[in-house]
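# A structural walkthrough
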Amino acid sequence: MAGTEEFVEADNAEAIINRIEQKSRKMESLLKQYRTVEALKTALEGSPLNPKDDRCKSANWIMVHRAIMAIKDVDAMFSSLDPECCDILMKYLYRGLSTGDRPTCDQSLRIHEKLTERVGSGCILRYLADIVNTV
Amino acid sequence: MSNSLRLYLACIRNTLDAALCLQNFPCQEVERHNKPEVELKTSSELLLNPVLICRNEAEKCLIETSINSLRISLKVKQADELENILTKKFLRFLSMRAEAFQVLRRKPVQGYDISFLVTNYHCEEMQKHKLIDFIVQFMEDIDKEISELKMSVNTRGRLVATEFLKQFM
């Protein structure tokens, strides 16, 4: 029983990684066209939130990281992000802040300030309280 | 104040604003005991996600929350050996007098320079926004203090060396 469950999960992980690769190709093309906001939206949608596979999370994080670093105009971004995307973005921002890499932290701090002004501290509290769906 | 410092402090202030929601919670294991859960970490349902906010490779801030207590650990920027020693001595001086500060922890968490422990009792006695103001102000002032100390050490060293070497002229 446990063996088949593991097999099913590995299958799901492969499927998720394939999906992430497809998303990243789509995102690269959007970035080439300088449509950074849409690139970020594509990267955030369908993020793997289950705490199962670290590889899926790292793969998705690399993609979202690229999209975040490509953003130049922060204010224009918020008009098109829905609340769920904002929550997921906040989780990725905190992951970026924990890396300690200077450009990532600078960019994350910039976006964090604007996002908090826009969405409020409820978003931060949802990140703190959500122990199940981590990024 | 440089922009990156301002953003770093703003991020910490916003996170503390959200995280400082503490209530009284008696210990679940031992009756009639009341302990800060963030220190003991016995029950995972009482703990929230810890948050690590890094400004760069050298400076970071770890905020751990639980239902009745919050722990903030800071790592201060130390550019050279002299600043290293000065920071250690200065923060040790403060930590030894932790009772006067009430929210200061006697020993910093492993890997950090100084730690604060805020419990629900502190939140009941003192105002939440004032506590946050205190911590952010502390972070701003630490940098100034350390650079002042470094400058005074260098000035004193230069004066002493000049006086001493005059006798050989």
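Residues numbered from 1 in each chain as written. Chains lettered and ligands numbered in written order. Predicted model: local features only at pLDDT ≥ 70, side-chain atom pairs only at ≥ 80, totals over all residues. Heavy atoms only, no water.

### With respect to the overall build of chain B
- Along its length, chain B carries six helices and four strands.
- The N-to-C order of helical and strand elements in chain B reads α-α-β-β-β-α-α-β-α-α.
- Taking 15 Å as the expected radius of gyration for a compact globule of 169 residues, we find that chain B reaches 20 Å, considerably beyond that expectation.
- Its C-alpha atoms give chain B principal-axis dimensions of roughly 75 × 35 × 25 Å.
- Counting every position in chain B, which comprises 169 residues, the buried fraction comes to 42%. (Helix = DSSP H or I, 4+ residues; strand = E, 2+ residues; numbered from the N terminus. Rg over C-alpha atoms; globule rule 2.2 N^0.38 Å. Buried < 20%, exposed > 50% of the residue type's maximum accessible area, 1.4 Å probe, protein only.)

### With respect to the side chain of Asn56(B)
- Note that Asn56(B) resides in the loop between β1 (51–54) and β2 (60–65).
- With a relative accessible area of 8%, Asn56(B) lands in the buried category.
- For Asn56(B), the side chain forms a polar contact with the main-chain nitrogen of Ala58(B), separated by 2.9 Å.
- Only 3.0 Å separates the side chain of Asn56(B) from the backbone nitrogen of Glu59(B), close enough to count as a polar contact.
- Residues contacting Asn56(B), with those up to four places away along its chain left out, are Gly100(A) and Arg102(A). (Polar contact = N/O pair within 3.5 Å; in protein donor to acceptor, adjacent residues only side chain to side chain. Contact = heavy atoms within 4.5 Å.)

### What about unusual backbone geometry?
All names here are of chain B.
- Positive phi, normally seen in glycine, also occurs at Arg-32, with a value near 65°.
- Along the chain, Arg-32 turns up in the loop between α1 (3–19) and α2 (37–40).
- Under the relative-accessibility criterion, Arg-32 is labelled exposed at 83%.
- Not every positive phi belongs to a glycine, and Lys-41 is a case in point at roughly 55°.
- Structurally, Lys-41 is set in the loop between α2 and β1.

### So, the interface of chain A and chain B
- Counting residues at the interface gives 22 residues for chain A, matched by 22 residues for chain B.
- Interface of chain A and chain B: buried area, both sides summed, is about 1,900 Å²; carbon and sulfur atoms make up 64% of it.
- Counting across the interface, chain A meets chain B through one salt bridge.
- Note that Arg6(B) and Glu113(A) form a salt bridge whose closest N and O atoms lie 3.2 Å from each other.
- Mapped by element, the contributors of at least two residues to the side of chain A that touches chain B are α5 (83–97), α6 (102–119) and α7 (121–129) of chain A.
- No other element matches α6(A), which puts eight residues into the side of chain A that touches chain B.
- Looking at side-chain class alone, the side of chain A that touches chain B contains 10 nonpolar, six polar and six charged residues. (Buried area = accessible area lost by both parts, 1.4 Å probe. Salt bridge = Lys/Arg side-chain N within 4 Å of Asp/Glu carboxyl O. Nonpolar A, V, L, I, M, F, W, Y, C, P; charged D, E, K, R; others polar.)

### Concerning the pattern of salt bridges
- One pass over the full model with this rule turns up 16 salt bridges over all chains.
- Where Glu28(A) meets Arg66(A), a salt bridge forms, and the shortest distance between an N and an O atom there is 2.5 Å. Residue Glu28(A) is located in helix α1 (residues 2–32), and its partner Arg66(A) is located in helix α3 (residues 54–70); the two are separated by 38 residues in the primary sequence.
- For Arg66(A), a relative accessible area of 39% puts it in the partly exposed group.
- Taken together, the shared-partner salt bridges connect Glu39(B), Lys41(B), Glu64(B), Arg71(B) and Arg105(B) into one network.

### Points about the sheet that holds β1(B)
Residue and element names in this part refer to chain B.
- Read from one edge of the open sheet, four strands run β1-β2-β3-β4, paired in antiparallel fashion. In this open sheet, the two strands that pair with only one neighbour each are β1 and β4 (114–119). Going from strand to strand, the sheet's axes swing by 15° on average, the running direction of each strand aside.
- Pairing between β1 and β2: four bridges, direction antiparallel. Residue Ile-53 lies in a different strand from β2, and its bridge partner there is Cys-61. (Pairing = 2+ DSSP bridges. Axes fitted to C-alpha atoms, helices over the stretch in contact; angles between N-to-C directions.)

### Observations regarding α3(A)
- Given a rise of 1.5 Å per residue, 17 residues ought to cover 24 Å, and the 24 Å separating the end C-alpha atoms of α3(A) matches this to within 8%.
- Taken as a whole, α3(A) has its buried residues at Cys56(A), Lys57(A), Asn60(A), Trp61(A), Met63(A), Val64(A), Ala67(A) and Ile68(A). (Expected span 1.5 Å × (residues − 1).)

### Let's talk about the packing of aromatic side chains
- All told, the structure shown has six aromatic pairs over all chains when counted by the stated rule.
- A centroid spacing of 6.1 Å and a plane angle of 5° characterise the contact between Trp61(A) and Tyr92(A), whose relative ring orientation is stacked. With Trp61(A) in helix α3 and Tyr92(A) in helix α5, the pair connects residues that are 31 residues apart, well separated along the chain. Like Trp61(A), the residue Tyr92(A) is buried in the burial classification.
- Pairing Tyr94(A) with Tyr127(A) gives two aromatic rings, centres 4.7 Å apart and planes at 10°, and the pair type is stacked. Taken together, the residues Tyr94(A) in helix α5 and Tyr127(A) in helix α7 connect sequence positions 33 residues apart. The exposure classification of Tyr94(A) matches that of Tyr127(A), with both residues buried.
- Taken together, the ring pairs in this structure connect Phe116(B), Phe134(B) and Phe138(B) into an aromatic cluster.
- It is Arg97(B) that lies over the ring of Phe93(B); its NZ or CZ is 4.0 Å from the centre. (Phe/Tyr/Trp six-rings, centres within 6.5 Å; stacked < 30°, edge-to-face > 60°. Lys NZ or Arg CZ within 6 Å of the ring centre and 35° of its normal.)

None of this, on its own, says anything about what the molecule does.
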